[in-house]
Structures are given as C-alpha cells and as structure tokens.
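Survey of secondary and tertiary structure
Residues per chain, in single letters:
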Amino acid sequence: MIKIEEIKTAQLNPKEFIEEKTREISSIVGSGLAINALSGGVDSSCVTMLGHKALGNRLKTYFIDNGIMRQDEPQKIVSLFKKLGVHVEIVDAQVQFFNALKGITDPEEKREAITQTFYKHVFGRLIQETGAKYLLQGTILTDVDETVAGIKRQHNVFEQLGIDPKVAFGYKIIEPLVQLRKDGVRKVAVALGLPESVYNRMPFPGPALSARVIGEVTPQNLKIVRLATAITEEELASTPAFQYMAILHQDRVTGIRDGKRDFGLQIEIRCWDSIDARTAKPTRLPYEILDKLANRIVTEVPGVVSVTYNITPKPPSTMEAV
Ligand code: XMP
C-alpha cells in the first residue's frame, strides 16, 4: 500500500503548495490532455483551478449531471466558473445513473454502482472522446483513511485499495490534494483566488443525494430528498455548522393529515460541528430553528409526516446516513 505523507494544515504554505502541484501536474501530463469532473465542492474546485493553471485549455472540465445533485446545482456551478474564466461542459448522465441505482438498497452496493458509472462509463467515454490520458481528481486524505479503515468506501479511492485505475478504467488518475485534510484544502482555495462561496462551501459527498436516501434511489425519492435538502440548507444557512443535511428514510410512520390517518414519510435532519470530518458532534441548534424547519418540511414536502433531529456524535455515527 502507498504511504501518503500528510501535510498538516498548520504547516501548509498554500502558495508553495500551488506552485509545486502546478509543476507536478504539468510534468506528468506533458503535452497531452487531461479531464476533470467539477462538482462545485471545494476539493474539485481547487483541482480545477490547479489543473487550469498547469495545463490551460489542455484540461477539459465537465460537470456530470447525474440526476442526484441538489436543486439547480449544474447551472449554478457552470455560471460561477464562467466568471472565473473556466469553461465547464455539462454532461447529461441522469438516465445512466438512475439505471445503475435501480433496485439497489445496500449502502456499499450503491456506492459501487455510482463509482462504476462515473469511472467506467462516463469518464471512460470522455477519455475516449477527448484522447486524454489522465483524470485529475480531488481525493483528500480523509477519503483515503475512511476507505482503507473500511468505514465507508469513498467513491474516489482506488490505488490505496490495490485497484490500478489504468487497468480497471483505462486511464491514470492524478490526485494533487491527497496529502491534505479539508481545512488545508480551504486554505489552498483561498490562495487560488476562489470566492468565499467556494472556499467555505459546505462539504457534499461524491455519491451526492443518493447518500441521503435510505433504501432504493428512484427519481421520485430523489425529488423528495432534494426538496427537503433545499429547505434545510435555507433554514440552517445562518448557523456556523460544518455540514447539515436531510435524509429520507425508507420506513413509513403513521401521521395525521386533514384529520385522517396518513402512513407517511420520515425525514431526518443532521447538523454537524466538526473541523475535519474525522469526528463530529451534533450542533446544539436553537429549538426555534428546528421547529421552523420541521414545520416547513411537513408543509412543503409532499408525503412527509415526521421530521427528526439526530443527536448522536461521530463516532459511532458517521456524518452521512448511507
Ligand atoms: P462520513 O459519512 O464518512 O462523512 O462521516 C465524512 C465526510 O465525507 C463526506 N462523504 C463523502 N464524500 N464520497 C465523498 O466524496 C463519499 O462517498 C462520501 N461519504 C461521505 C461527508 O459528506 C462528510 O463531509
């Protein structure tokens, strides 16, 4: 197994880091092409900027619209990066992802289906079409740690599991951020001139909203969790929490609507205080905020009759539910 040397955030010099990684990317890719997928999160945004610094328009950046992202996310990210001078092409892969997720309820199988769809099918095709030999991606050290420890198979970790991407998918992967934790990446993002909406952006998992649907991910379930997520993000935007989320449960519970029994859906809210996602505590949210959030969700999200707030720390919980 490859040993990764951590760069501790306190020791990180972002300017030097950027220069070093830009040189590294240039020398690995040479005169060829590379591709990368931008989700708009701080990790993939940093990689996009580093890659463009190193390769200019020999880096092709894509937003993969997999159907499991948040409300209006593709358009928002594309227009934000346009302002930064980076052209991002949207790839519509919604049908492919929903087909791959059909009938799957097991969390790790879900992650595997998403991994295969991204790396084998979508990136594989983009690599073939462009003639690129490299994929640049924003894996960070916490992704590697948790995968190797067997806690959660992060969708973007291969070599540390003994999987050679060149053999498995037909291209090589460059991971410029793999020595950093999330707080280190944020420092690099500031030094790269990314706006606050990016460097302070709340983390969001690679498997996107499918990590927040317990049970099968269908377009209908996704619609519900997407709406609950939008409301949760609006209502908790003013809290200084590290991350917050809405989760759709599989089990139904009895509720009352219009004076009649309604065997309805449950949404669980999680809101975390954390520095680096390795450990986390539930935020002590004011009751008034929780109250308003629950009211909005049961009123605005069709079929939901129950909203709960998770009060378990990580560990033993993880931050995402799936
Ligand atoms: P967990 O749920 O492992 O989450 O406590 C820790 C942090 O990682 C994010 N997360 C993921 N990110 N692919 C990702 O890119 C994944 O499969 C994944 N699972 C969790 C999560 O949102 C949190 O910030």
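Residues numbered from 1 in each chain as written. Predicted model: local features only at pLDDT ≥ 70, side-chain atom pairs only at ≥ 80, totals over all residues. Heavy atoms only, no water.

1. Things to note about the nonpolar core
Within the largest apolar cluster, 83 residues are counted, with the highest numbers of intra-cluster contacts made by I64, Y119, F123, L177 and I267. Element by element, the count of residues in this core is highest for helix α5 (residues 107–130), at 8 residues. Leave out the neighbours within four places in its chain, and Y119 touches G124, L135, Q137, H155, N156, F158, F169, Y171 and I173. Ranked by size, the runner-up nonpolar core spans 7 residues in total, among them F242, W272, A277 and M319. (Core = buried A, V, L, I, M, F, W, Y, C linked by side-chain atoms within 4.5 Å. Buried < 20%, exposed > 50% of the residue type's maximum accessible area, 1.4 Å probe, protein only. Helix = DSSP H or I, 4+ residues; strand = E, 2+ residues; numbered from the N terminus. Contact = heavy atoms within 4.5 Å.)

2. Quick look at the site of the ligand
By nearness alone, 15 residues border the ligand, and R111, E146, K152, K314 and E320 come closest of all. Between an oxygen atom of the ligand and a side-chain N or O atom of R111, the distance comes to 2.4 Å. The contact in question runs from an oxygen atom of the ligand to an N or O atom on the side chain of E320, over 2.5 Å. In the complex, the protein chains occlude 93% of the 490 Å² of accessible area that the ligand would expose alone. Classifying every residue of the shell around the ligand gives 5 nonpolar, 5 polar and 5 charged. (Near = heavy atom within 4 Å. Polar contact = N/O pair within 3.5 Å; in protein donor to acceptor, adjacent residues only side chain to side chain. Areas by Shrake-Rupley, 256 points an atom, 1.4 Å probe, with all protein chains shown as cover. Nonpolar A, V, L, I, M, F, W, Y, C, P; charged D, E, K, R; others polar.)

3. Details of the environment of T318
With respect to the element layout, T318 can be found in the segment after β10 (304–309). We classify T318 as partly exposed; its relative accessible area is 22%. Put simply, T318 and M69 are 249 residues apart on the chain and 21 Å apart in space, counted from C-alpha to C-alpha. Setting aside anything within four residues of it in sequence, one finds T318 in contact with I151, K152, R270 and W272. At a separation of 2.7 Å, a polar atom in the side chain of T318 contacts the main-chain carbonyl oxygen of E320.

4. Describing the packing of aromatic side chains
Across all of its chains, the model carries 8 aromatic pairs by this definition. Between the aromatic rings of Y119 and F158, the centroid separation amounts to 4.6 Å while the plane-to-plane angle is 75°, which identifies the pairing as edge-to-face. With Y119 in helix α5 and F158 in the loop between α6 (141–148) and α7 (165–168), this residue pair connects regions lying 39 residues apart in the sequence. On the basis of relative accessibility, which here comes to 2%, the residue F158 falls in the buried class. Ring-pair connections join several aromatic residues into one group, and the members of that group are F97, F118, Y119, F123, F158, F169 and Y171. Positioned above the aromatic ring of F204 is the side chain of R70, whose terminal nitrogen or guanidinium carbon lies 3.7 Å from the ring centre. (Phe/Tyr/Trp six-rings, centres within 6.5 Å; stacked < 30°, edge-to-face > 60°. Lys NZ or Arg CZ within 6 Å of the ring centre and 35° of its normal.)

5. A short note on the sheet that holds strand β3 (residues 88–92)
A sheet is described by the order of its strands in space; here 5 strands give the open sequence β3-β2-β1-β4-β5, paired in parallel fashion. The open sheet has two edge strands, β3 and β5 (172–174), and neither has a second partner. Along the sheet, successive strands turn relative to each other by an average axial angle of 35°, direction set aside. Here strand β1 (residues 34–37) pairs with strand β4 (residues 134–136) via 3 bridges, running parallel. (Pairing = 2+ DSSP bridges. Axes fitted to C-alpha atoms, helices over the stretch in contact; angles between N-to-C directions.)

6. What about the side chain of R111?
Mapped onto the fold, R111 is located in helix α5. As a buried residue without a salt bridge, R111 has its nearest oppositely charged side chain in E108, at a separation of 4.2 Å. Sequence-distant contacts of R111, that is, excluding residues within four places in its chain, are made with K152, R153, Q154, P207, A211 and V322. (Lys, Arg positive; Asp, Glu negative; His and termini not counted. Salt bridge = Lys/Arg side-chain N within 4 Å of Asp/Glu carboxyl O.)

7. Notes on the pairing of strand β6 (residues 243–248)
Among the 6 residues of β6, 6 are classified as buried, and the element is accordingly described as predominantly covered. Here β6 shows a buried face lined by Q243, M245 and I247 and a second buried face lined by Y244, A246 and L248. Alignment of β6 against strand β8 (residues 260–273), held across 6 bridges, turns out to be antiparallel. Residue pairing across strands places L248 opposite I267, the latter belonging to β8.

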